[in-house]
Amino acid sequence: MANRISLNGTSYHGAGAIQEIVPEMKARGFHKAFVASDPDLVKFGVTAKVTDLLDAAQIPFTLYSDIKPNPTIANVQHGVEAFKASGADCIIAIGGGSSMDTSKAIGIIITNPDFADVRSLEGVAPTKNPCVPIIAVPTTAGTAAEVTINYVITDVEKERKFVCVDTHDMPIIAVVDPEMMSSMPKGLTACTGMDALTHAIEGYTTKGAWEMTDMFHLEAIRLIAENLRDAVANTKKGREGMALGQYIAGMGFSNVGLGIDHSMAHTLSAHYDTPHGMACAMFLPITMEFNRDYTGTKYREIARAMGVKGVDEMTQEEYRDAAIAAVKQLSKDVGIPEKNDRIREEDLDQLATDALNDACYPGNPREATKEQVIEMFRQLM
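All values reported here derive from a predicted model rather than from experimental measurement.

### Topic: the side chain of Thr295
Here is step 1: Among the structural elements, Thr295 can be located in the loop between α10 (276-291) and α11 (298-305).
Here is step 2: At 2.8 Å, the side chain of Thr295 and the backbone oxygen of Arg292 are in polar contact.
Here is step 3: Thr295 has contacts with Thr205 and Arg320, leaving out every residue within four places of it along the chain.

### Observations regarding the pattern of salt bridges
Here is step 1: Applying the stated rule across the entire model yields 24 salt bridges.
Here is step 2: Here Asp155 ties to Arg119 by a salt bridge, and the two come within 2.6 Å at their closest N and O atoms. Of this pair, Asp155 sits in strand β6 (residues 150-155) while Arg119 sits in the loop between α5 (97-111) and β5 (134-138), and the two are 36 residues apart along the sequence.
Here is step 3: Exposure remark for Arg119: the relative accessible area of 32% places this residue in the partly exposed category.
Here is step 4: In this structure, a network of salt bridges that share partners links the residues Glu289, Arg292, Glu317 and Asp321.

### Some points on the side chain of Asn150
Here is step 1: Here Asn150 lies in strand β6.
Here is step 2: Accessibility expressed as a relative area gives 15% for Asn150, which makes it buried.
Here is step 3: Ignoring any residue separated from it by four or fewer positions in sequence, one finds Asn150 in contact with Asp101, Lys104, Cys164, Val165, Asp169, Phe253 and Ser254.

### Brief notes about the packing of aromatic side chains
Here is step 1: Under the defined criterion, the tally for this structure stands at three aromatic pairs.
Here is step 2: Between Phe283 and Phe377 the ring centres are 5.3 Å apart and the planes differ by 90°, which places this aromatic pair in the edge-to-face class. One end of the pair, Phe283, is in helix α10; the other, Phe377, is in helix α14 (residues 370-378), and 94 residues separate them in sequence. As far as the burial class goes, Phe283 and Phe377 line up, both buried.
Here is step 3: Ring pairing ties together the aromatic residues Phe34, Tyr64 and Phe83, which thus form one cluster.
Here is step 4: Seen from the ring of Tyr319, Arg300 lies directly overhead, with NZ or CZ sitting 6.0 Å from the centre.
Here is step 5: Cation over ring: Arg366 sits above Phe290, and NZ or CZ is 4.0 Å from the ring centre.

Cut-offs used in this document
- Residues numbered from 1 in each chain as written.
- Predicted model: local features only at pLDDT ≥ 70, side-chain atom pairs only at ≥ 80, totals over all residues.
- Heavy atoms only, no water.
- Helix = DSSP H or I, 4+ residues; strand = E, 2+ residues; numbered from the N terminus.
- Polar contact = N/O pair within 3.5 Å; in protein donor to acceptor, adjacent residues only side chain to side chain.
- Contact = heavy atoms within 4.5 Å.
- Salt bridge = Lys/Arg side-chain N within 4 Å of Asp/Glu carboxyl O.
- Buried < 20%, exposed > 50% of the residue type's maximum accessible area, 1.4 Å probe, protein only.
- Phe/Tyr/Trp six-rings, centres within 6.5 Å; stacked < 30°, edge-to-face > 60°.
- Lys NZ or Arg CZ within 6 Å of the ring centre and 35° of its normal.

What follows is the structure in structure tokens.
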């Protein structure tokens, strides 16, 4: 079986990388941009770091900021109509996963109008055309949506999130500028950073993992373990390390999938509006414990990448314990809560059902029963 790798055609990394947006637009013949960004980024002047460049170059744009933290079907539908009215020929997505996920869905529907029903995009939709060209500018170090073929939409009516996987939605350019991330508050930095760690660990242990993606994921784990605490403290080194680490994690998991942590986190967010990164972080030690006996020697390498010393002298049980303990300690150090008091006993059956039906679950290295998933949810109560 052949292993596929899909990545951006072009990506820019490092402080000041946003300066490359205008030259890229001109080189590609784009005439007008649809700038998709969330209202807080607009309010606090983060979006303006890019739109000021467009103004200076006299490149017209339409600013679209009706983006919710967990983008909904209605959100996407409204964005499609706004794009049609704008006359734009490309999208500049500025923000975290929400801005980029919304942009991907908009871009896919514009070029594949047969999929105007947003629910029809769930799973691996048979779209035929690449989406509207997207230049993705992340402002969080976590989702790596700028380099993935995935996006997630919330179905408010059914209280669920659904994952869309489509090689046609890949942004043509990723601009990973850590200076765009410097205004993130500590709590958001912690949550998005732990999301990136979850991507790396689940991507490393998922059923589809192979040599190239293992290389990406182990380096991502190392970078995140070394830099997340500093990023939360808002140091330059920490921001730069996390910007790179989360992107490398995206290079991997986008191509091999994730696991039960993400399927449960999607469900928790859909039902209780728990921030996605926080949900991933809360479940990570729990799901690592669940999967430990189905991972071979991989927890030894996770522990090593997390900075644990002496792993080669440890027994299998010891290095598995050490890997989980290192993840717990990092999560604690950056302020992730261990419990979620919104989960209700009467919701557990539906939560487990939704998690097992999520598109991320099939990649998990261990099969789970509904009762086992319920018990994992119960551990957060």
